[in-house]
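Overview (structure and organization)
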Amino acid sequence: SDHDLTYPSCPAAMDWSQHFPAFTVAKAVSSTDALDNDHEHENIQQISQQVAVADIGCGFGGLLFALAPKMPKTLILGLEIRTSVTEFVQEKAKALRNQNGDSGLYQNVSCIRANTMKFLPNFFTKGQLEKIFLCFPDPHFKARKHKARIVSTTLASEYAYVMKPGGNVYTITDVEDLHLWMAEHFEAHPSFERVSDEELERDECVQTMRTETEEGKKVERNNGTKYVVVFRRLEDPPWP
Ligand code: SAM
C-alpha cells in the first residue's frame, strides 16, 4: 500500500544532497533570503544540478549502473515501489562509489522509493527531465488490471509535464500487447512524437536498455523478442 510512502510536498522540499552528496554546494545566503518569510525549505542542502534522467520501476538497477559511468556528469535516478529493492539499489550505489574512490564514478546515481503513478510531480519540476526510461513495466495482462499500467493518457500527461522539450521517453517490453498499448498512448498525446527506427539504432541508450536491464537479459536468455519504442517531447505550441 502507499500509506507508508514518504514524498516531498513539492520538488523544492526534496533533500537531494542525501542521494548525491558529491554534488552538494555551499549555500549562498543573500539579503533577500533574510527578508524571505518562507522558511519552509531553508534547511535543505542544495545540489549543483537537477536530476536529468529517471528510470521508472528500475528494479535492481541494471540500467542505472550501466548508464552512470557513460554519463558521469548527469544525475540519474531510479524510482522503485518495492522497499527492499530500493534499498538494494541504494546500497549498491554506495558500494560502487567506495570501490571507485577518487574517480568519482557512480556519485551520479541513486534510487528513491516511490509510486510513480501518483507522485511524479512531487519530485520533479516542469521540464526537468531529459530522459525517462520505462523498461519492462509490469504488463498487467487482464483488461480490468490495465489501469495499473504505468502508461495511460493521464500518466502520459504527467511524463510530458516533467520532461524537457526535445527529451525522450524510452520504452521496452517483451509483451507485444503492452508495447502496442504504450505506443498508442504516447502517439495519441499531442506533446509527443515517435522517434524513427533509424534514429533509435544510433542512440546508445537504446542499446544499453536492451542489454543491461535485468529483464532484458532474461528475455535474451529465453530468445524472446524485445519491442522498443521511443517518443520525443515536443515544444509546447505558443499561446494563441
Ligand atoms: N526496469 C527493470 C528491468 O527492466 O529489469 C525492472 C522491471 S520489473 C518487471 C518492474 C518493476 O517496476 C518492479 O521492480 C516493480 O516493483 C516496479 N514498479 C511497478 N509499479 C511501480 C510503480 N507504480 N512505481 C514504481 N515502481 C513500480
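Residues numbered from 1 in each chain as written. Predicted model: local features only at pLDDT ≥ 70, side-chain atom pairs only at ≥ 80, totals over all residues.

1. Structural notes on the overall build of the protein
If you tally the helices and strands in the protein, you get nine helices and nine strands. Relative to the 2.2 N^0.38 estimate, which gives 18 Å for 240 residues, the radius of gyration of the protein is 18 Å and therefore close to what a compact globule would have. Across its three principal axes, the protein shows a C-alpha extent of roughly 60 × 55 × 40 Å. Contacts in the protein between residues far apart in sequence, at least 24 positions, make up 78% of those at least 6 positions apart. (Helix = DSSP H or I, 4+ residues; strand = E, 2+ residues; numbered from the N terminus. Rg over C-alpha atoms; globule rule 2.2 N^0.38 Å. Contact = placed C-beta atoms within 7 Å.)

2. Quick notes on the pairing of strand S9 (residues 227-233)
The sheet contact formed by strand S7 (residues 163-173) and S9 spans six bridges and is antiparallel. Bridged to Asn168 within S9 is Arg232. In this structure, strand S8 (residues 192-194) lies alongside S9, joined through three bridges in antiparallel fashion. Within S9, the residue paired with Phe192 across the bridge is Arg233. (Pairing = 2+ DSSP bridges.)

3. Describing unusual backbone geometry
Non-glycine residue His140 carries a positive phi angle of around 40 degrees. Phi angles above zero are rare outside glycine, and Asn223 is one such case at about 55 degrees. Structurally, Asn223 can be placed in the loop between helix H9 (214-221) and S9.

4. Some remarks on the environment of Val89
Within the secondary structure, Val89 sits in helix H3 (residues 83-100). Sequence separation between Val89 and Gly61 is 28 residues, and the spatial gap between their C-alpha atoms is 6.0 Å. Those residues in contact with Val89, other than ones at most four positions away along the chain, are Cys58, Phe60, Gly61, Leu64, Gly78, Glu80 and Cys111.

5. Considering the sheet that holds strand S4 (residues 75-80)
By way of backbone hydrogen bonds, the strands of a sheet pair with one another, either parallel or antiparallel. Spatial ordering of the open sheet is given by S5-S4-S3-S6-S7-S9-S8, a layout of seven strands whose pairing is mixed. Either end of the sheet is taken by a strand with one partner, and the two such strands are strand S5 (109-113) and S8. Along the sheet, successive strands turn relative to each other by an average axial angle of 20 degrees, direction set aside. Bridge count for S4 against S5 is five bridges, and the pairing is parallel. Counted as the bridge partner of Ile76 is Val109 from S5. Sitting on the sheet, helix H8 (residues 204-212) touches strand S6 (129-135), S7 and S9, and the angle it makes with S7 is about 30 degrees. (Axes fitted to C-alpha atoms, helices over the stretch in contact; angles between N-to-C directions.)

6. Remarks on the site of the ligand
Taken together, 21 residues form the shell around the ligand, and within it Gly57, Gly59, Cys135, Thr213 and Glu215 come nearest. A per-class count over the shell around the ligand returns ten nonpolar, six polar and five charged. (Near = placed C-beta within 6 Å. Nonpolar A, V, L, I, M, F, W, Y, C, P; charged D, E, K, R; others polar.)

7. So, the environment of Lys126
In this fold, Lys126 is placed in the loop between helix H4 (120-123) and S6. The sequence separation of Lys126 and Val230 amounts to 104 residues, and the corresponding C-alpha distance is 20 Å. Not counting chain neighbours up to four residues away, the residues in contact with Lys126 comprise Tyr161 and Val162.

8. A look at the pairing of strand S3 (residues 51-56)
In terms of residue burial, S3 counts as a mostly covered element, since five of its six residues are buried. In this sheet, S4 lies alongside S3 in parallel orientation, the contact comprising five bridges. Along S4, the bridge assignment pairs Val51 with Leu75. Handedness of the S3-helix H2 (residues 62-67)-S4 crossover: right-handed. In this sheet, S6 lies alongside S3 in parallel orientation, the contact comprising four bridges. Of the residues in S6, the one forming a bridge with Val53 is Lys131. (Buried ≥ 20, exposed ≤ 12 C-beta atoms within 10 Å, placed from the backbone. Right-handed = clockwise from strand over helix to strand, strands pointing away.)

9. Regarding the confidence of the model for the protein
With 92% of its residues at a pLDDT of 70 or more, the protein has an overall mean of 92. Across the interface, the model reports ipTM at 0.99; the global pTM reads 0.93. (pLDDT = per-residue confidence, 0-100.)

10. A closer look at helix H5 (residues 153-162)
Of all the positions in H5, only Ala156, Tyr159, Ala160 and Val162 are classed as buried. Residues of H5 that are buried make contact with H4, S6, S7, helix H6 (176-187), S8 and S9.

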